[in-house]
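Architecture and fold: a report
As a plain string of letters, each chain reads:
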Amino acid sequence: MSRIALFPGSFDPFTIGHESIVRRSLSLFDHVIVAVGQNSTKANLFSLQQRVSWIKEVFADTDKVSVSSYSGLTVDYCKEVKARFILRGLRTSADFGFERGIGQVNKALLPSVETVFILALPEHSAISSTIIRDIIRNGGNASQFVPDVIKFDK
Ligand code: ADP
């Protein structure tokens, strides 16, 4: 049975921190699906289509990673794509508090799925999509925080 992991998130935009988590997880899983969630409570800066197409470009070098989007519960999407693992990244203790809640509820909803956490590299711990959106909204250059293929139009 192949080990498929789902890496769900908003990825608004996808950062070098996200990329690192996915690439480092490839020694654990046969296939990783980066799944861009359509979350109606979040106001996004970049369209769903733009986010998906950037992430596809980031992983154009490997067929172990695919990219899709979904709406609804993450556990329902896990069933749909036959993922037995949910992959998440941890930067700080604040991330841990938040992720523990989601992870425990997901476990109650779908016991067959395990959430697997990978620690952010120290140099990625301060990088968040929120900060990048702030830089962009204020006319700054955020290119050092995102994979090279992601180019923001000025
Ligand atoms: P969400 O809207 O679900 O929080 P994000 O796109 O913000 O989605 O993050 C998706 C996952 O990536 C989360 O598990 C988050 O903790 C993790 N993550 C975010 N930024 C980084 C980073 N710089 N390094 C490692 N993991 C990160």
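Let us look at the structure shown here. Note that the structure is predicted; figures quoted are calculated from it, not measured.

**Observations regarding helix H1 (residues 16–25)**
With respect to burial, H1 is a largely interior element, seven of its ten residues being buried. Restricting attention to buried positions, one finds in H1 the residues Gly17, His18, Glu19, Ser20, Ile21, Val22 and Ser25. Between the side-chain oxygen at the start of H1 and the backbone nitrogen of glycine 17 there is a gap of 3.1 Å, and the oxygen is on threonine 15.

**With respect to the site of the ligand**
Near the ligand you find 17 residues, and of these Ser10, Lys42, Gly89, His124 and Ile127 are the closest. Residue histidine 18 places a side-chain N or O atom 3.4 Å away from an oxygen atom belonging to the ligand. At 3.3 Å, a side-chain N or O of arginine 91 approaches a nitrogen atom of the ligand. Its free accessible area being 550 Å², the ligand has 89% of it covered by the protein chains. If you map the ligand onto the pockets, it falls in the largest pocket. Looking at the shell around the ligand, the elements that each hand over two or more residues are strand S1 (4–9), H1, strand S4 (85–90) and helix H4 (93–109). Across the shell around the ligand, the residue classes break down as six nonpolar, six polar and five charged.

**Description of empty space enclosed by the protein**
Tallied over the full model, the rule gives one cavity of 30 Å³ or more. A volume near 30 Å³ is recorded for the largest cavity. Surrounding the largest cavity, Val75, Ile86, Gly103, Asn106, Lys107, Leu110, Val113, Glu114 and Thr115 form its lining. Looking at the lining of the largest cavity, the elements with two or more residues in it are H4 and strand S5 (114–119).

**Some remarks on the layout of surface pockets**
Computed from the structure, the largest pocket encloses a volume of approximately 1000 Å³. In terms of lining, the largest pocket is formed by 40 residues, of which the most central are Pro8, Gly9, Ser10, Lys42 and Arg88. Elements with a minimum of two residues in the lining of the largest pocket: S1, H1, S4, H4 and helix H5 (129–137). In terms of residue count, H4 provides more of the lining of the largest pocket than any other element does, six residues in total. Considered class by class, the residues forming the lining of the largest pocket number 13 nonpolar, 20 polar and seven charged.

**Describing the environment of leucine 87**
Structurally, leucine 87 can be placed in strand S4. Classification of leucine 87 by relative accessible area gives buried; the value is 0%. As for leucine 87 and serine 112, which are separated by 25 residues in sequence, their C-alpha atoms are 14 Å apart.

**Remarks on the packing of aromatic side chains**
Summed over all chains, the structure comprises eight aromatic pairs. Residues phenylalanine 14 and phenylalanine 59 carry aromatic rings whose centres are separated by 5.8 Å and whose planes lie at 85 degrees to one another, so their mutual orientation is edge-to-face. Placement of phenylalanine 14 in the loop between S1 and H1 and of phenylalanine 59 in the loop between helix H2 (48–58) and strand S3 (65–70) is noted, with a sequence separation of 45 residues between them. An identical accessibility class is assigned to phenylalanine 14 and phenylalanine 59; each is buried. With a centroid separation of 5.5 Å and an interplanar angle of 20 degrees, the aromatic rings of phenylalanine 46 and phenylalanine 152 are classed as stacked. With phenylalanine 46 in the loop between strand S2 (31–37) and H2 and phenylalanine 152 in the segment after H5, this residue pair connects regions lying 106 residues apart in the sequence. The buried category is assigned to phenylalanine 46, whose relative accessible area is 15%. A residue is classified by how much of its surface remains accessible, and phenylalanine 152, at 21% relative accessible area, is partly exposed. Counting every residue linked through ring pairs, the aromatic cluster contains Phe7, Phe11, Phe14 and Phe59.

Thresholds applied
- Residues numbered from 1 in each chain as written.
- Predicted model: local features only at pLDDT ≥ 70, side-chain atom pairs only at ≥ 80, totals over all residues.
- Heavy atoms only, no water.
- Buried < 20%, exposed > 50% of the residue type's maximum accessible area, 1.4 Å probe, protein only.
- Helix = DSSP H or I, 4+ residues; strand = E, 2+ residues; numbered from the N terminus.
- Polar contact = N/O pair within 3.5 Å; in protein donor to acceptor, adjacent residues only side chain to side chain.
- Near = heavy atom within 4 Å.
- Areas by Shrake-Rupley, 256 points an atom, 1.4 Å probe, with all protein chains shown as cover.
- 1 Å grid on protein atoms, 1.4 Å probe; cavity = no way out; pocket = protein on both sides within 12 Å on 5 of 7 lines; lining within 4 Å.
- Sits in = over half its atoms within 2 Å of the grid points.
- Nonpolar A, V, L, I, M, F, W, Y, C, P; charged D, E, K, R; others polar.
- Points joined across faces, edges and corners; volume = space filled by probe spheres on them.
- Phe/Tyr/Trp six-rings, centres within 6.5 Å; stacked < 30°, edge-to-face > 60°.

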